[in-house]
Amino acid sequence: MTSPHVHYEVADGIATITIDRPEKRNALNYAMYDAIRDHTAEADADPDVRAIILTGVPGQFCAGTDLTELRDVEPGTKPEDREGHTDGRHWYFWESSTPVIVAVDGPAAGLGVELSTQADFRIASTRAKFSWIFVQRGLIPDTGAGTWLLPDLVGPQQAKRLVFSGEFIDAEEAQRIGFVMDVVEPENLLAAARELAAKISTGSPFAISRAKSLLNWSSSRTRDEHLEQHIAALTQCQLSDDHKEGVAAFLERRPAVFTGR
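Here is a short report on the structure shown in this document. Predicted model, so just to flag it, every value in this text is computed and none were measured.

1. Focus: the pattern of salt bridges
Now for step 1: Scanning the model with the defined rule gives 11 salt bridges in all.
Now for step 2: Close ionic contact of K212 with D120 constitutes a salt bridge, the shortest N to O distance being 2.9 Å. Placement of K212 in helix α9 (residues 205–217) and of D120 in the loop between α3 (111–118) and β6 (121–125) is noted, with a sequence separation of 92 residues between them.
Now for step 3: Among the residues examined, D120 registers a relative accessible area of 24% and is labelled partly exposed.
Now for step 4: With a shortest N-O distance of 3.0 Å, R161 and E167 are connected by a salt bridge.
Now for step 5: Overall, the relative accessible area of 31% leaves E167 in the partly exposed class.
Now for step 6: Here the residues in one salt-bridge network are R161, E167, E173 and R176, joined through shared partners.

This is how it looks when you write it as structure tokens:
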């Protein structure tokens, strides 16, 4: 799926997805949402891509779903008939084996803040602001990220404050409660995101993808369940070409050249 409002480029091992619909505050219609999902899959399948950045045109991030295109749920619809909302397909940032960074410059509300919640890292400009606005529309956070991931990020009490009120918080408050990692001036935002992307791209992609999965699921498994998955991932790493290269590079005192295999 393509959209004229979503741009995709790859440079220096970093895939950048840019939302470009400022006249609608970057609100996502279905074609735009599908384009972001498809570009994420494209980046994830590209062995040259080591990190993904989602951002918007200057001054904008994503004000949520374009409500003029919102599809009604038919009366009598049963939850079990809505498999597309329970099979993880809307969690493509969280599911991606490639680290995802969101660079937020302007409002991130509704679906925009849900996508941010699913990312691995959040960097905000000083003019960013965040709102889980859903209760003001008679809804709950629509992808489920605001009710499952957000409590782990900011704690249950702060998550309830944000979800129950739907209030906007600024970048400074978002950083204070642990939702945002760094706050920078708008003109430095993309450079800061790329600097972080470069920093997390130096390790083995094979190992990083497995570490991300283990970290994502860590709070949802018992210790014994975690250790079972841990040893499976560790064994895969120890048998990988990246592990051999990492050891050889250390012994030969040179930078490692990882292939992700």
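2. Points about the sheet that holds strand β9 (residues 182–184)
Now for step 1: The 6 strands are arranged β1-β2-β3-β4-β6-β9 in an open sheet whose pairing can be described as mixed. Edge positions in the sheet fall to β1 (6–11) and β9, since each has one partner strand and no second. Looking at each pair of strands side by side, their axes are set apart by 20° on average, direction ignored.
Now for step 2: The pairing of strand β2 (residues 14–19) with strand β3 (residues 51–56) spans 6 bridges and is parallel. What sits directly across from A15, in β3, is I52.

Calculation notes
- Residues numbered from 1 in each chain as written.
- Predicted model: local features only at pLDDT ≥ 70, side-chain atom pairs only at ≥ 80, totals over all residues.
- Heavy atoms only, no water.
- Salt bridge = Lys/Arg side-chain N within 4 Å of Asp/Glu carboxyl O.
- Helix = DSSP H or I, 4+ residues; strand = E, 2+ residues; numbered from the N terminus.
- Buried < 20%, exposed > 50% of the residue type's maximum accessible area, 1.4 Å probe, protein only.
- Pairing = 2+ DSSP bridges.
- Axes fitted to C-alpha atoms, helices over the stretch in contact; angles between N-to-C directions.

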